[in-house]
Amino acid sequence: MNDPVLQTYPLGFPWQTQDPFLFCVYHLDHYPKGNGEMGPDSKLLEGRNIGNDFTLKDGWRMYHGSTIPGFPYHPHRGFETITIVNKGFCDHSDSLGAAGRFGEGDVQWMTAGRGVQHSEMFPLLHDDKENTLELFQIWLNLPKADKFVDPYFKMLWHEDIPVVQEENAIVKVIAGNYKGNQANHPAPDSWAAKKENEVAIWNLHVDAETMFTLPKAGAAVSRTLYFYEGSEIHFGDKKVNRSFGIVLDASQDIVFKVGKQPAHFLMLQGKPIAEPVAKYGPFVMNTDEEIQQAMDEYRLTQFGGWPWPHPDHVHEKEKGRFAKYPDGKIIIK
């Protein structure tokens, strides 16, 4: 049998990805108590590069937020964002008029397609305790044929996401099929919507000092296991420490042993799109000319404009989890 581990590398910020994925970032911010207005105490902002704060100071960052952490409005074209919020909350608003507050295990799936603006803010809803945020954002590419599909917004509520409880592990199936447990439908124009592409996104928690087998997929599928919490794992005699990415041979079952601490992983898998990729910030197309076209069109149209009162729009503090869709439909959780 060939070595199932093809490559390992230390995880940066963001994480390195393989086609069909473009980008993956892991946010773990131990935000302080809220100030009553969903932000941190203004005294705690002193010394930070407000508007571009990516330094992990006191265990948290403000990102592009000025009073509330997060990412005020910004455009996307040509790919999809999949946002997994395990802890804390994210407030979404976009140029379609869609909005939502999601967290504590919820997932948002957004197809940017021909162009959309959105904001992603992290309101500090608790004034009496810390507001820890654990979030993954994944960018899944769209093939050339689907770059200009209509934008689409979808929520996968945690109550509806398959969670497989095994003897020594919990596997959350966000996309794909895990041992017969099929994830919810992704966005309709997604590369993940075609079963033959074998796109899978799994969040795995495996008990300490146990063996775990990752079931094989198709030979033509890329597979990366991101080891983000724990101590170490072992593939036979090969030891891999926490905060490493592991590129695996998806054509064989992968067996590994977990070390002295429980291990948490994100797994990304899919058939490569295998097309040229031209990237510039929030735009991902196939050629530089298409990037220039996207920039020109955004300057002219703002991808539909911004229907919200503030670039860093957040919802009322007392609101719970909800989604408002572009057609006006509202789901309250």
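Look up a bit, the structure's there.
Being a predicted model, the structure only gives us computed values, none of them experimental.

Caption draft 1: Main features of the nonpolar core. In this structure, W15, I84, W109, I138, I201, L266 and L268 are the most contacted members of the largest nonpolar core, which totals 28 residues. Elements represented by at least two residues in this core include exactly β2 (21–31), β4 (79–87), β7 (107–111), β9 (131–141), β12 (169–175), β17 (222–229) and β22 (263–270). The next biggest cluster of nonpolar side chains, apart from the first, holds 26 residues, and it includes V164, A200, F227 and I233.

Caption draft 2: Layout of the pattern of salt bridges. Enumeration over the complete set of coordinates arrives at 12 salt bridges. Residue D127 is joined to K317 by a salt bridge in which the shortest nitrogen-to-oxygen separation is 2.3 Å. A residue pair is termed long-range when its members are at least 10 positions apart, and D127 in the loop between β8 (116–121) and β9 and K317 in the loop between α1 (288–301) and β25 (322–324) qualify at 190 residues. Exposure remark for K317: the relative accessible area of 27% places this residue in the partly exposed category. Its salt-bridge partner being E290, residue K144 comes within 2.9 Å of it at the nearest N-O pair.

Caption draft 3: Representation of the sheet that holds β4. Pairing is antiparallel in the open sheet, where 5 strands are placed in the order β2-β9-β4-β7-β10. Looking along the sheet, the strands with just one partner apiece sit at the ends: β2 and β10 (152–156). Direction aside, the axes of adjacent strands within the sheet are offset by 15° on average. Summarising the sheet, β7 and β10 pair through 5 bridges and their orientation is antiparallel. When the sheet's bridge partners are listed, T111 is paired in β10 with Y152.

Caption draft 4: Local environment of the packing of aromatic side chains. Evaluation of the coordinates by the stated rule reveals 25 aromatic pairs. Relative to W139, the ring of F23 has its centre 4.6 Å away and its plane inclined at 35°; by these criteria the two rings are tilted. Highlighted residues: F23 in strand β2 and W139 in strand β9, separated in sequence by 116 residues. Taking the centre distance of 5.3 Å and the plane angle of 80° together, the rings of F54 and Y63 count as edge-to-face. For F54, a relative accessible area of 34% gives the class partly exposed.

Caption draft 5: Fine view of unusual backbone geometry. Between F13 and the following residue, P14, the backbone shows a cis peptide bond with an omega angle of 10°. Tracing the sequence through the fold places P14 in the loop between β1 (5–10) and β2. The peptide bond linking D19 to P20 adopts the cis configuration, its omega dihedral lying at 20°. Mapped onto the elements, P20 comes out in the loop between β1 and β2. One non-glycine residue, M38, adopts positive backbone phi at about 70°. On the secondary structure map, M38 appears in the loop between β2 and β3 (70–76). Residue K179 is not a glycine yet carries a positive backbone phi of 50°.

Parameters and conventions
- Residues numbered from 1 in each chain as written.
- Predicted model: local features only at pLDDT ≥ 70, side-chain atom pairs only at ≥ 80, totals over all residues.
- Heavy atoms only, no water.
- Core = buried A, V, L, I, M, F, W, Y, C linked by side-chain atoms within 4.5 Å.
- Buried < 20%, exposed > 50% of the residue type's maximum accessible area, 1.4 Å probe, protein only.
- Helix = DSSP H or I, 4+ residues; strand = E, 2+ residues; numbered from the N terminus.
- Salt bridge = Lys/Arg side-chain N within 4 Å of Asp/Glu carboxyl O.
- Pairing = 2+ DSSP bridges.
- Axes fitted to C-alpha atoms, helices over the stretch in contact; angles between N-to-C directions.
- Phe/Tyr/Trp six-rings, centres within 6.5 Å; stacked < 30°, edge-to-face > 60°.

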